[in-house]
Amino acid sequence: MRPPEGWSDDEVRTRLINLYDEIAKRQLSERRTEWRNSLATDAETLEQKEQALAQTRTKLQEQLGAAPDASDVELVVLSKRVLDWQDTNDEVEGILERIKTVNGQIEMAHAELRVKLEPYSYDDIESSGKATETIRQLETREQQHETAQRDLDQATQTVREATGKIDDLVDERDEIYADLGLETDDHDTLETLCDRVDAYNSVKSDVRNAEIRTKTEFEKLKSYPEFEPELKTREITDLRGDLREAEQSAGEYDELQSQIANIKAEIGQAKSDNQVETALTKRNRTLDALQDQRADDCSAMVGDALVDHVQEATMETNRPEVFERARNILTTITKGRYRLDFDENEATFRAFDKSEQTGLALDELSSGTRVQVLLAVRIAFVEQQEQGAQIPLLLDETLANTDDRRAEMIIESVIALAQNGRQIFYFTAQGHEVAKWLDALTDTNDLNHQIIDLVTASNIDNAVQIPDLKSTESFTAAPPSPDGHDHASFREALDVESFDLHRGVGTAHLWYVVDDVETLYQLLDSGIKRWGQLDNLLKRGNGNLLWDSDQLVTARENAAALNEFVAAWRIGRGKPVDREVLNSSGAVSETFIDEVSELAKELERDGSQIVEALHGGEVNLFRSGKADDLKIYFEENEYIVPQDTLDLVQIRARVVERFIDEGVPREEAKDRTDELLLRLSEN
């Protein structure tokens, strides 16, 4: 192959074009050779096919008997007619075979029909018409048989009912004889008694009228001012004696009136005497002195004085800021259990227990919790009132009435105040309190502190002894370790109490909403036991929460679903009934209050079931009318509601949708709903 004349771009390109042209010519030449060879092969094939067709034509002429010189058209027509004859012949043979098969089936059916008709005394069936008529007769006989059987069954039932009624009447007759103390064959005596029925009814009517007159006269007797209830039980002879004495006293009426007049005159003279006036004056002075002393005693109460002062100051200006700050502080130091509220009507602080879902006045709180409330209010008030520099905060044995856990929270709150620049003075004569402060301050590197023993500073013996903190006793038992437990078994180890659906989701133990046992343990170990506490802490944005945030999100979702379950469960169910409700109704007297209260507990405080049980005689001698009064009271006060309850399927659907509203995928929402229902079913 000749190379290009030169190796420039144009020369190389020209040479390549020439090469492509030569390649194309070569390919065209090869393609023409292939076509030529192919046409030669096709010609040979066509010649072979023509010879084969000629041989086939000759063979068909020999087979069909056609003349050798017959045309192709004649051969085609003849072949078509032969093929048609073959098809028709095959069809005829098939029909004959089917006729033979049908005749055999007819013989078999005829034999089977003879066997089946033999018990019914029919002659041999010779034709299909006769067979059809025979079958129609059999159907008629079958209908008659069924009708006769129904009549027989009905007659048998009638006889059975009549026999039972006769037995009942005989029993009733025997009971009548037994009630009358007669033998069952003593008809004469019974007829005699029947003849005396009219006389008996007349006497009975007279007795009833006498009872009505007696009741009327008794009501009239009760209207007299001197009536005494025991008069009804006294003997008539005694009453007649009293009547004689009363009549004798009536004869002395004038003399008694004179004595009354004299007594009134003496009373009037005594009123005009200054001795009475002096005694009344002394009495009034004594009462005034007692009132003043009571006021002084009330004013001396530190808690009341502090609360009154804070209320008066904060109600005038800036109460929202003070109140919100105090609420945050109380949430922190109580681990979310208590929320600070303010009663506008009573103008007083209250504490809402998130664990029990109940509001409490200050005097209803324990001493330790009351100190925590007052501490929160005082710190908030101080922060709001100070202008410029922060004034020192003085605390005097604030930890005295708190357990170790709450003391730790108070110490942490006070340390946080000190870290913000406030100076804190804490006074105590208790060595274990000093140990608690030292233990907390040891972990706080950026806070200066100093211990001053006033006894040592004054050169006095008997200084305060500071114990080793490890030797101090904790008042709060630590929860059991979660090691080796899954969520289900951890419940038994924790001894989780049943969830009271009437009290709401805030009272639910954290086991119901926290899935991870390690996170559950950490929360319980931190003093947080119920969802109300944890929810309060989360809503207040407490910064000391160090637990797994993902698990807390899951707990929020579970709590929302549990709240939806409670709301759906309450539909159609009234408020729970307890002893206080029964007392307030006025329908249960002191005689029955203990029994009815116990009955309410057994029936899970359900108003409808309580009323139904009372009507059913569960409490002996409790009147039906009083049960009706109790039902009316329950309905008017929503202890019984006119609404049907939801079934478990409806409740489950609502819980699933609530999970979905919280952002949980539908399939996961279904699984978590089933898990939540399983936990509740173990109540």
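Reading the values: the criteria
- Residues numbered from 1 in each chain as written.
- Predicted model: local features only at pLDDT ≥ 70, side-chain atom pairs only at ≥ 80, totals over all residues.
- Heavy atoms only, no water.
- Helix = DSSP H or I, 4+ residues; strand = E, 2+ residues; numbered from the N terminus.
- Buried < 20%, exposed > 50% of the residue type's maximum accessible area, 1.4 Å probe, protein only.
- Contact = heavy atoms within 4.5 Å.
- Areas by Shrake-Rupley, 256 points an atom, 1.4 Å probe, with all protein chains shown as cover.
- Phe/Tyr/Trp six-rings, centres within 6.5 Å; stacked < 30°, edge-to-face > 60°.
- Lys NZ or Arg CZ within 6 Å of the ring centre and 35° of its normal.
- Core = buried A, V, L, I, M, F, W, Y, C linked by side-chain atoms within 4.5 Å.
- Axes fitted to C-alpha atoms, helices over the stretch in contact; angles between N-to-C directions.
- Parallel < 35°, antiparallel > 145°, perpendicular 65-115°, else oblique.
- Left-handed = near helix turned anticlockwise from the far one by under 90°.
- pLDDT = per-residue confidence, 0-100.
- Patch = residues over 30% accessible without salt bridge, like charges linked within 9 Å, V, L, I, M, F, W, Y side chains within 5 Å.
- Salt bridge = Lys/Arg side-chain N within 4 Å of Asp/Glu carboxyl O.
- Lys, Arg positive; Asp, Glu negative; His and termini not counted.
- Charge placed at Lys NZ, Arg CZ, Asp CG, Glu CD.
- Nonpolar A, V, L, I, M, F, W, Y, C, P; charged D, E, K, R; others polar.
- Arc of directions from axis to C-beta.
- Polar contact = N/O pair within 3.5 Å; in protein donor to acceptor, adjacent residues only side chain to side chain.

**Focus on the overall build of the chain**
Right, so step 1: Broken down by element type, the chain carries 24 helices and 5 strands.
Right, so step 2: Taken over 683 residues, the chain has a buried fraction of 27%.
Right, so step 3: For the chain, the share of sequence-separated contacts (at least 6 apart) that also reach a separation of at least 24 residues comes to 58%.
Right, so step 4: Accessible area for the chain stands at about 47600 Å²; split by element, carbon and sulfur atoms hold 50% of it.

**Some details on the packing of aromatic side chains**
What describes a pair of aromatic rings is the distance from one ring centre to the other and the angle between the planes of the rings.
Right, so step 1: On inspection of all chains with the given rule, the structure shows 7 aromatic pairs.
Right, so step 2: Between the aromatic rings of Phe499 and Tyr512, the centroid separation amounts to 5.8 Å while the plane-to-plane angle is 50 degrees, which identifies the pairing as tilted. Taken together, the residues span a long stretch of sequence, with Phe499 in the loop between helix H15 (487-494) and helix H16 (517-525) and Tyr512 in the loop between H15 and H16 at a distance of 13 residues. Side by side, Phe499 and Tyr512 carry an identical accessibility label, which is buried.
Right, so step 3: Relative to Phe622, the ring of Phe592 has its centre 5.3 Å away and its plane inclined at 80 degrees; by these criteria the two rings are edge-to-face. Taken together, the residues span a long stretch of sequence, with Phe592 in the loop between helix H19 (579-585) and helix H20 (593-602) and Phe622 in the loop between helix H21 (607-615) and helix H22 (624-636) at a distance of 30 residues. Per residue, the accessibility class of Phe592 equals that of Phe622, and both read buried.
Right, so step 4: Joined through ring pairs, the aromatic side chains of Phe499, Trp511 and Tyr512 make up one cluster.
Right, so step 5: Positioned above the aromatic ring of Tyr639 is the side chain of Lys575, whose terminal nitrogen or guanidinium carbon lies 4.7 Å from the ring centre.
Right, so step 6: Lying over the aromatic face of Trp511, Arg679 brings its terminal NZ or CZ to 5.9 Å of the ring centre.

**Topic: the nonpolar core**
Right, so step 1: Counting 41 residues, the largest nonpolar core has Leu510, Tyr512, Trp531 and Leu562 as the members making the most contacts within it.
Right, so step 2: Listed by contribution, the elements that provide at least two residues to this core are H15, H16, helix H17 (531-539), helix H18 (549-570), helix H23 (648-661) and helix H24 (666-681).
Right, so step 3: Per element, the largest residue contribution to this core is 9 residues, and it comes from H18.
Right, so step 4: Those residues in contact with Leu510 that sit more than four places away from it in its chain are Leu520, Leu523, Ile528, Lys529, Arg530, Trp531 and Leu534.
Right, so step 5: Ala351, Val373, Leu393 and Leu441 belong to the second-largest nonpolar core, a separate cluster that totals 30 residues.

**Section: the packing of H18 against H24**
Right, so step 1: Contact geometry of H18 with H24 gives a least axis separation of 11 Å together with a crossing angle of 65 degrees. Considered as vectors, H18 and H24 are oriented roughly perpendicular to each other. The handedness of the crossing between H18 and H24 is right-handed. Here Thr554, Glu557, Asn558, Ala561, Leu562 and Phe565 of H18 come into contact with H24, specifically with Arg672, Leu676, Leu677, Arg679 and Leu680.

**A few points about the confidence of the model for the chain**
Right, so step 1: Per-residue pLDDT for the chain has a mean of 76; in total, 74% of the residues score no lower than 70.
Right, so step 2: The model gives residues 314-318 a pLDDT under 50, and that stretch makes 6 contacts with residues more than four places away or in other chains.
Right, so step 3: This model gives residues 471-475 a pLDDT under 50, and the stretch forms 6 contacts once residues within four places in sequence are excluded.

**Focus on a negative patch on the surface**
Right, so step 1: Among the surface-exposed residues, Asp167, Asp168, Asp171, Glu172, Glu175 and Asp179 lie close enough to one another that they form a single negatively charged patch.
Right, so step 2: Structurally, the position occupied by Asp168 is in helix H3 (residues 128-180).

**Considering the pattern of salt bridges**
Right, so step 1: For the structure on display, the rule yields 13 salt bridges.
Right, so step 2: The partner of Glu668 in a salt bridge is Arg672, and the shortest N-O contact between them spans 3.5 Å. Taken together, the residues Glu668 and Arg672, both in helix H24 and 4 residues apart, mark about one turn of the helix.
Right, so step 3: The network of salt bridges with common partners includes Asp515, Glu675 and Arg679.

**Focus: the packing of H20 against H21**
When two helices pack together, their arrangement is given by the angle between the helix axes and the distance between those axes.
Right, so step 1: Their axes nearest at 9 Å, the elements H20 and H21 cross at an angle of 130 degrees. As the angle between them shows, H20 and H21 are arranged oblique. Like other packed secondary-structure pairs, H20 and H21 cross with a definite hand, here right-handed. Contacts from Val596, Leu599 and Ala600 of H20 reach H21 at Ile610, Ala613 and Leu614.
Right, so step 2: Here the residues of the contact of H20 with H21 are counted per class, giving 6 nonpolar, no polar and no charged.

**Brief notes about unusual backbone geometry**
Right, so step 1: A positive phi angle, close to 55 degrees, is found at Glu604, a residue other than glycine.
Right, so step 2: Looking at where Glu604 falls in the secondary structure, it is placed in the loop between H20 and H21.
Right, so step 3: One non-glycine residue with positive phi stands out, namely Glu638, at about 65 degrees.
Right, so step 4: On the secondary structure map, Glu638 appears in the loop between H22 and H23.

**Digging into the environment of Arg325**
Right, so step 1: When you line up the elements, Arg325 lands in helix H10 (residues 319-333).
Right, so step 2: Exposure remark for Arg325: the relative accessible area of 32% places this residue in the partly exposed category.
Right, so step 3: In sequence terms Arg325 and Ile379 are 54 residues apart; their C-alpha atoms lie 8.6 Å from each other.
Right, so step 4: When residues no more than four places from it in sequence are discounted, the contact partners of Arg325 are Ala380, Glu383 and Leu417.

**Thoughts on H15**
Right, so step 1: Taken as a whole, H15 has its buried residues at His487, Phe490, Arg491 and Leu494. Projection of H15 onto a plane perpendicular to its axis shows the buried side chains occupying an angular sector of 110 degrees, all on one side.
Right, so step 2: Looking at the buried side of H15, the elements it contacts are H16 and H24.
Right, so step 3: Capping the start of H15 is the job of one residue whose side-chain oxygen sits 3.3 Å from the backbone nitrogen of Ala488: Asp486.

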